[in-house]
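Notes for the structure review
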Amino acid sequence: MTQTDGYLLDNRQTEAGKRFDAFATLFDPTTFRHIERFGIGSGWRCWEVGAGGTSVVSWLAKKVGPTGRVVATDIDTSWAASAARPPVEIRVHDVGAEEPPGEGFDLVHARLVLVHVPDRERALRSMVKALRPGGRLLVEDADPALQPLLCPDEHGPEQQLANRLRHGFRKLLAERGADLSYGRKLPRLLREAGLREVEADAYFPLTSTACADLESATVRQIRDRLVTAGLATDEDIDRHLANVASGSMDLATAPMISAWGRK
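Predicted, not measured: the structure shown is a model, and the values here were computed from it.

Conventions we followed
Residues numbered from 1 in each chain as written. Predicted model: local features only at pLDDT ≥ 70, side-chain atom pairs only at ≥ 80, totals over all residues. Heavy atoms only, no water. Helix = DSSP H or I, 4+ residues; strand = E, 2+ residues; numbered from the N terminus. Contact = heavy atoms within 4.5 Å. Buried < 20%, exposed > 50% of the residue type's maximum accessible area, 1.4 Å probe, protein only. Phe/Tyr/Trp six-rings, centres within 6.5 Å; stacked < 30°, edge-to-face > 60°. Expected span 1.5 Å × (residues − 1). Bend = angle between axes of the 7 residues up to and from the residue. Polar contact = N/O pair within 3.5 Å; in protein donor to acceptor, adjacent residues only side chain to side chain. Pairing = 2+ DSSP bridges. Axes fitted to C-alpha atoms, helices over the stretch in contact; angles between N-to-C directions. Left-handed = near helix turned anticlockwise from the far one by under 90°. Nonpolar A, V, L, I, M, F, W, Y, C, P; charged D, E, K, R; others polar.

A few points about the environment of A22
- Relative to the elements of secondary structure, A22 occurs in helix 1 (residues 15-37).
- The spatial distance from the C-alpha of A22 to the C-alpha of D201 is 21 Å, given a sequence separation of 179 residues.
- Setting aside residues no more than four positions away along its own chain, A22 makes contact with A210 and L214.

This is the structure:
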């Protein structure tokens, strides 16, 4: 990712809120299941990296209670600002370029963040550094190269168009430095970072209303980039959005790989 290109999926765009809502519907149950297994409770200190929306931040706040602390950071905190009340603290922060916003955290969590960060290695070091001894790190990231299709069952022209646009999206991500096979590397990277008791699993939504909502918001958000890059025409995009809205296609996401370990 270069300074001139910027982040492809800009939080300042109106579609970002719809994407955050879709992510919450699709992935919050998986995220919460893992954190519950860690034994989260009253008084925990948590750092939510790249918070985006409020769903995870608000859930953590309820779990840690008034004696706990939740630091939520992002390069653009506009969507998370509504959660800024005790025990939540919202900070503008670049995990790949700045020191962590404190140390001694019981939990550090990042979901669908590091794949987009140019200096992922530094970001991961920072997250590990922020943990107390015995603290838990949970990193969840997509692996688009593991399953690159929007429609795994490519049985007609609508599905073929959908997959062509998804290929264009992946091309734009790669040009901005995203590692499209990052998710599968997480268990090894957590071990190399010195964590112990490392485990991982994956969640792969194949079709749901939230998958369609996510696709529609994403395509609207990157529409101009796709057209400018010659990866699609406005007619292609209009046709695809209509196909998505019809509810007749089975739309998938890339697998989200969750990896966790203890410092």
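Let's talk about unusual backbone geometry
- The residue after P86, namely P87, is reached through a cis peptide bond having omega 10 degrees.
- The backbone of L112 sits at a positive phi, close to 55 degrees, despite the residue not being glycine.
- Along the chain, L112 falls in the loop between strand 4 (105-111) and helix 3 (120-129).
- You can call L112 buried: its relative accessible area is 18%.
- With phi around 55 degrees, E197 is a residue other than glycine that occupies positive phi space.
- If you trace the backbone, E197 turns up in strand 6 (residues 196-203).

Some thoughts on the packing of aromatic side chains
- Using the criterion set out here, one finds four aromatic pairs in the structure.
- Centroid distance F32 to W59: 4.1 Å. Interplanar angle 5 degrees. Geometry classified as stacked. Of this pair, F32 sits in helix 1 while W59 sits in helix 2 (residues 55-64), and the two are 27 residues apart along the sequence.
- What makes F32 buried here is its relative accessible area of 17%.

Some thoughts on helix 1
- For helix 1, built from 23 residues, the straight-helix expectation of 33 Å at 1.5 Å per residue is met to within 8% by its first-to-last C-alpha distance of 33 Å.
- At F27, helix 1 shows its largest kink, close to 55 degrees, and the proline P29 lies no more than four residues downstream.

Considerations on the environment of K263
- By secondary structure assignment, the location of K263 is in the segment after strand 7 (256-262).
- Sequence spacing of K263 and R132 is 131 residues, and the spatial spacing of their C-alpha atoms is 7.2 Å.
- Excluding residues within four positions of it along the chain, K263 makes contact with V128, K129, L131, R132, P133, G134, G135, L195 and R196.
- Separated by 3.0 Å, the side chain of K263 and the backbone oxygen of L131 make a polar contact.

Thoughts on the sheet that holds strand 6
- One open sheet holds the seven strands; their spatial order is 3-2-1-4-5-7-6, and the pairing between them is mixed. Strand pairing shows two members of the sheet lacking a second neighbour, strand 3 (88-92) and strand 6, which therefore form its edges. Averaged over neighbouring strand pairs, the angle between their axes works out to 15 degrees when direction is ignored.
- Bridge analysis of strand 4 against strand 5 (residues 131-142) gives six bridges, and the strand direction is parallel. In the strand pairing of strand 5, V108 is matched with L137.
- Contacting strand 1 (45-49), strand 2 (69-74), strand 3 and strand 4, helix 2 crosses the sheet at an angle of about 165 degrees to strand 2.

What about the packing of helix 4 (residues 157-175) against helix 6 (residues 209-228)?
- Running from N to C, helix 4 and helix 6 cross one another at 65 degrees; their axes reach a closest spacing of 11 Å. For the element pair helix 4 and helix 6, the recorded crossing hand is left-handed. Along the contact surface, helix 4 presents L165, R166, G168, F169 and L172, while helix 6 presents E215, T218, I222, R225 and L226.
- Broken down by class, the residue content of the contact of helix 4 with helix 6 amounts to five nonpolar, two polar and three charged.

That's the geometry; what it means functionally is another story.
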